[in-house]
Amino acid sequence: MGAFMNGASEGSQVTPHDFRMFPDESSEVGANCADSSRVWWGVFTRPGCEKELAEQLRASHISTFLPMAPTSRLGGDSERWLPLFPGYLFLFGNEAELLKALATGCVCRILPVADQDRLRTDLADLQRLLTSDVPLRLETDLGARSGELIRVTQGNWAGISGRTYDHGSESRFLVEIDFLGQGVSVPIDLVVPRQSAG
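Attention in this report is confined to the structure presented alongside it. (Residues numbered from 1 in each chain as written. Predicted model: local features only at pLDDT ≥ 70, side-chain atom pairs only at ≥ 80, totals over all residues. Heavy atoms only, no water.)

## Structural notes on the nonpolar core
Then, number 1: Membership of the largest hydrophobic core comes to 30 residues, with the highest contact counts inside it found for Phe90, Leu126, Leu129, Ile160, Phe173, Ile177 and Val191.
Then, number 2: Elements supplying a minimum of two residues to this core: strand S5 (88-93), helix H3 (116-130), strand S10 (170-177) and strand S11 (182-187).
Then, number 3: The leading source of residues in this core is H3, at five residues.
Then, number 4: If you look at the next biggest cluster of nonpolar residues, it comprises 16 residues, including Val43, Met68, Cys106 and Val107. (Core = buried A, V, L, I, M, F, W, Y, C linked by side-chain atoms within 4.5 Å. Buried < 20%, exposed > 50% of the residue type's maximum accessible area, 1.4 Å probe, protein only. Helix = DSSP H or I, 4+ residues; strand = E, 2+ residues; numbered from the N terminus.)

## Brief notes about the pairing of strand S1 (residues 39-45)
Then, number 1: Most of S1 is tucked away, with five of its seven residues classed as buried.
Then, number 2: Of the strand pairs in this sheet, S1 and S5 are connected by six bridges, and their pairing is antiparallel. Considered in S5, the bridge of Phe44 is made with Tyr88.
Then, number 3: Bridge analysis of S1 against strand S6 (residues 107-112) gives five bridges, and the strand direction is antiparallel. Each bridged residue has a counterpart across the sheet, and for Thr45 the counterpart in S6 is Val107. (Pairing = 2+ DSSP bridges.)

## Comments concerning the pattern of salt bridges
Then, number 1: Counting across every chain of the model gives six salt bridges.
Then, number 2: Two residues, Glu97 and Arg38, come together in a salt bridge whose shortest N-O distance is 3.3 Å. Separated by 59 residues along the polypeptide, Glu97 in helix H2 (residues 95-103) and Arg38 in the segment before S1 bring together distant segments of the chain.
Then, number 3: According to the relative accessible area criterion, Arg38 is buried, its value standing at 13%.
Then, number 4: Between Glu170 and Arg137 there is a salt bridge, with the nearest N and O atoms lying 3.9 Å from each other. Highlighted residues: Glu170 in strand S10 and Arg137 in strand S7 (residues 137-139), separated in sequence by 33 residues.
Then, number 5: Judged by its relative accessible area of 28%, Glu170 falls in the partly exposed class.
Then, number 6: Overall, Arg137 belongs to the partly exposed group, its relative accessible area being 27%.
Then, number 7: Salt bridges sharing partners connect three or more residues here, namely Arg137, Glu170 and Arg172. (Salt bridge = Lys/Arg side-chain N within 4 Å of Asp/Glu carboxyl O.)

## Quick look at H3
Then, number 1: End to end, H3 covers 21 Å across 15 residues, agreeing with the expected 21 Å (1.5 Å per residue, within 8%).
Then, number 2: Most of H3 is tucked away, with eleven of its 15 residues classed as buried.
Then, number 3: What H3 keeps buried is the set Gln116, Leu119, Arg120, Asp122, Leu123, Ala124, Asp125, Leu126, Gln127, Leu129 and Leu130. (Expected span 1.5 Å × (residues − 1).)

## Describing the environment of Thr131
Then, number 1: If you trace the backbone, Thr131 turns up in the loop between H3 and S7.
Then, number 2: According to the relative accessible area criterion, Thr131 is partly exposed, its value standing at 48%.
Then, number 3: Sequence separation between Thr131 and Ala69 is 62 residues, and the spatial gap between their C-alpha atoms is 9.3 Å.
Then, number 4: Of note is the side chain of Thr131, whose polar atom sits 3.3 Å from the backbone oxygen of Arg128. (Polar contact = N/O pair within 3.5 Å; in protein donor to acceptor, adjacent residues only side chain to side chain.)

## What about the pairing of S5?
Then, number 1: The buried count for S5 comes to six of six residues, which makes it a mostly enclosed element.
Then, number 2: What you see with S5 is no split at all: Tyr88, Phe90 and Phe92 on one side and Leu89, Leu91 and Gly93 on the other are buried throughout.
Then, number 3: As paired strands, strand S2 (residues 63-65) and S5 are joined by three bridges and run antiparallel to one another. What sits directly across from Thr64, in S5, is Leu91.

## Some points on the sheet that holds S11
Then, number 1: Taken in spatial order, the five strands line up as S7-S11-S10-S9-S8 in an open sheet, and their pairing is antiparallel. In this open sheet, the two edge strands, each paired with only one partner strand, are S7 and strand S8 (149-151). Taking each pair of neighbouring strands and ignoring which way they run, the sheet shows an average axis angle of 40 degrees.
Then, number 2: With five bridges joining them, strand S9 (residues 161-167) and S10 adopt antiparallel strand pairing. (Axes fitted to C-alpha atoms, helices over the stretch in contact; angles between N-to-C directions.)

The following block contains the structure:
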């Protein structure tokens with residue numbers, strides 16, 4: 001599986017989509033990267049510095065993933081794009097690239113990721129939701145969202161994994177970012193075929 005990274009060419013204008021792009025599966029960056037020193041890190045930024053940091057790292061050709069979504073998809077009434085997890089972005093790099101990130105003045109703390117495979121999988125599933133048009137709900141209290149863990153096996157969302165839970169009269173499908181203890185959910189019938197939901 002490839003890694004996420006900012007994929008626009010040098011010198012081009014940065015758009016919200018650039019912060020959440022996957023490279024092609026053929027990219028050298030990812031699970032099969034020959035440089036084993038490059039891994040995923042969580043980056044906790046100074047308040048309001050997520051996009052500034054992403055731009056500076058992009059200019060240095062450092063692979064990052066900043067999940068973003070328009071507020072209209074989160075129940076708001078505008079198309080303003082905001083970081084999905086305020087204060088956090090993800091960096092795929094080595095120690096030298098971490099030092100470059102720290103030198104920007106935008107970083108409060110670097111967070112090592114113990115379970116690289118789990119984070120990569122979680123971010124891949126999140127990316128699929130972000131590049132769709134389904135309405136999203138930010139979930140910050142995963143402990144209150146007990147439910148069945150499933151992997152969708154049919155339809156357009158085959159391969160995505162998440163947790164089902166009931167919210168009032170509505171059933172929802174939750175994609176967790178275990179590393180952050182947060183996630184996003186969508187109405188279950190938009191992702192899980194009826195025959196798979198039970």
